[in-house]
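This is what each chain is made of:
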Amino acid sequence: MNLILLGPPGAGKGTQAVLLSGALKIPHISTGDIFRSNIKQQTELGKKVSDILASGGLVPDDLTCEIVKDRLQQDDCRNGFIMDGFPRTLPQAEMFEEMLKARNQKIDTVINITVDDDVIVKRMSGRRMCSCGKVYHITGNPPKQEGICDACGSALYIRDDDREETVLRRLKTYHDQTSPLIDFYSKRGLIIEVDGDKDIESTFRDIMAALGRQPDGV
Ligand code: ADP
Ligand code: AMP
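Being a predicted model, the structure only gives us computed values, none of them experimental.

Rules behind the numbers
Starting afresh in each chain, residues are numbered from 1 along the sequence in its written order. Chains and ligands are labelled sequentially in the order written, the chains with letters from A and the ligands with numbers from 1. Where local features are concerned, this predicted model is filtered to residues with pLDDT of at least 70; where side-chain atom pairs are given and counted, the filter is 80 or more; whole-chain, interface and lining totals use all residues. For side-chain calculations, the full set of non-hydrogen atoms in the structure is used, while hydrogens and water are omitted. Think of it this way: one heavy atom of a residue within 4 Å of a molecule or strand is enough to make that residue near it. Residues adjacent in sequence count toward polar contacts only when both atoms are side-chain atoms; beyond that, a polar contact is any pair of N or O atoms within 3.5 Å, and within protein one must be able to donate a hydrogen and the other to accept it. Per-residue and other accessible areas follow the Shrake-Rupley method at a 1.4 Å probe size, with only the shown protein chains counted as cover for residues. For this classification, the nonpolar set comprises Ala, Val, Leu, Ile, Met, Phe, Trp, Tyr, Cys and Pro, the charged set comprises Asp, Glu, Lys and Arg, and every other residue, Gly included, is treated as polar. For this analysis, a nonpolar core means a set of buried residues of the types Ala, Val, Leu, Ile, Met, Phe, Trp, Tyr and Cys, connected via side-chain atoms within 4.5 Å. Each residue gets one of three labels from its accessible area relative to the maximum for its type: buried under 20%, exposed over 50%, partly exposed in between, using a 1.4 Å probe on protein chains only. Counting from the N terminus, the helices are the DSSP runs of H or I reaching at least four residues and the strands are the DSSP runs of E reaching at least two. Any two residues whose heavy atoms approach within 4.5 Å are treated as being in contact. UniProt positions are given in the numbering used here, feature names are shortened, and annotations may be inferred rather than shown by experiment. Strands are treated as partners if at least two bridges between them are detected by DSSP. Each axis is a line fitted through C-alpha atoms, and for a helix only the stretch in contact is used; angles between axes span 0 to 180 degrees, taken between their N-to-C directions.

**Details of the site of ligand 1**
Logical step 1: The environment of ligand 1 is made up of 18 residues, and the closest members are Gly-10, Thr-15, Arg-127, Tyr-136 and Lys-198.
Logical step 2: Gly-10 is positioned with one of its backbone polar atoms (N or O) 2.8 Å from an oxygen atom of ligand 1.
Logical step 3: Gly-12 has a polar backbone atom sitting 3.0 Å from an oxygen atom of ligand 1.
Logical step 4: Across the complex, the protein chains shield 90% of the 560 Å² of accessible surface that ligand 1 would expose by itself.
Logical step 5: Along the lines of polarity and charge, the residues of the shell around ligand 1 split into six nonpolar, seven polar and five charged.

**Digging into the nonpolar core**
Logical step 1: Leu-20, Leu-24, Ile-82, Ile-111, Ile-207 and Leu-211 are the most contacted members of the largest nonpolar core, which totals 21 residues.
Logical step 2: Among the secondary structure elements, those contributing two or more residues to this core are β1 (2-6), α1 (13-24), β4 (109-114), α6 (117-125), α7 (164-178), β7 (191-195) and α9 (200-210).
Logical step 3: Residues contacting Ile-207, with those up to four places away along its chain left out, are Gln-16, Leu-20, Ile-111, Ile-113 and Val-194.
Logical step 4: Listed in part, the 20 residues of the second largest apolar core include Ile-4, Cys-65, Val-68 and Val-110.

**Quick word on the UniProt feature "binding site: ATP" (unreviewed entry) in the chain**
Logical step 1: Mapped onto this numbering, the UniProt entry gives "binding site: ATP" (unreviewed entry) at Gly-10, Ala-11, Gly-12, Lys-13, Gly-14, Thr-15, Arg-127, Val-135, Tyr-136 and Lys-198.
Logical step 2: Tracing the backbone shows Gly-10 in the loop between β1 and α1.
Logical step 3: Under the relative-accessibility criterion, Gly-10 is labelled buried at 15%.
Logical step 4: Contact partners of Gly-10, with chain neighbours within four places excluded, come to Ile-120, Arg-123 and Met-124.
Logical step 5: Taking the relative accessible area as the measure of exposure, Val-135 reaches 14% and is therefore buried.
Logical step 6: When sequence neighbours within four positions are dropped, the list of residues in contact with Val-135 reads Gly-14, Thr-15, Arg-127, Arg-128, Met-129 and Asn-141.

**Remarks on the sheet that holds β1**
Logical step 1: Taken in spatial order, the five strands of this open sheet run β2-β3-β1-β4-β7, and their pairing is parallel. Where the open sheet ends on each side, the last strands, each with one partner, are β2 (28-30) and β7. Put simply, the sheet's adjacent strands are angled 25 degrees from each other on average, direction ignored.
Logical step 2: As paired elements, β2 and strand β3 (residues 81-84) share three bridges and run parallel to each other. Counterpart to His-28 in the pairing with β3 is Ile-82.

**Digging into the site of ligand 2**
Logical step 1: The environment of ligand 2 is formed by 15 residues, the closest being Thr-31, Arg-36, Gly-57, Gly-85 and Gln-92.
Logical step 2: Here an oxygen atom of ligand 2 sits 2.6 Å away from a polar atom, N or O, in the main chain of Gly-57.
Logical step 3: In the environment of ligand 2, a nitrogen atom lies 3.1 Å from a nitrogen or oxygen atom belonging to the backbone of Val-59.
Logical step 4: For ligand 2, the protein covers 97% of the area, taking 480 Å² as the surface of the free molecule.
Logical step 5: Counting residues per element, the shell around ligand 2 draws most heavily on helix α2 (residues 31-40), which supplies four residues.
Logical step 6: In terms of residue class, the shell around ligand 2 is built from five nonpolar, six polar and four charged.

Written out as structure tokens, the structure reads:
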């Protein structure tokens, strides 16, 4: 199954992607995670994109699409993928369509997770991340041991771009450049809308139900 998770920053895309990846046995591909890991490892790509991420802007479309193209070539994508944070602009969506066509593939469903801006700003101030991809919240979804990932035991970190002024800039970027994708995918009959302002498990159940799947063990 080829899925895209769409929605503003902080909607819960990463959180849901981890759950969906476990349930559907397909990889979670987060362009944001790929960029952050390159920044941490100080690769050439990391050096190129570091200031862009810190400012809340978007990495150029060509560069972002190249990274996704490479990632799709890995073996674990043969049964599908969950895209989290990509595509984020109309040119990216068009390039992605071409990329999939060349692979004889298509997008099955786009899950649009909706959350109001004021809820997002509150969520981001308490977000804690792990390099393994798991996402926590200091009050809403805390780890068992403060500051430590339940899944892999690594120390959690706060994202540089989760400061309030950067969150507001990222929300503006979302409304200007990413929200037109809702219309783009609606016209193709691919959008499923899910309320992201419920608790994490309810949102997950709603997504699984919309995909016609039974969530077990959650
Ligand atoms: P995104 O990937 O869309 O930017 P995240 O999955 O990182 O969003 O979630 C942003 C923050 O909100 C995290 O701290 C996460 O724990 C928290 N969160 C995610 N889903 C929910 C939810 N349904 N209710 C409350 N908090 C949530
Ligand atoms: P995310 O982890 O999805 O919130 O992304 C964090 C940051 O990475 C964004 O604010 C952008 O600077 C950059 N980024 C992630 N995905 C994309 C994309 N598809 N296109 C452009 N920039 C991206």
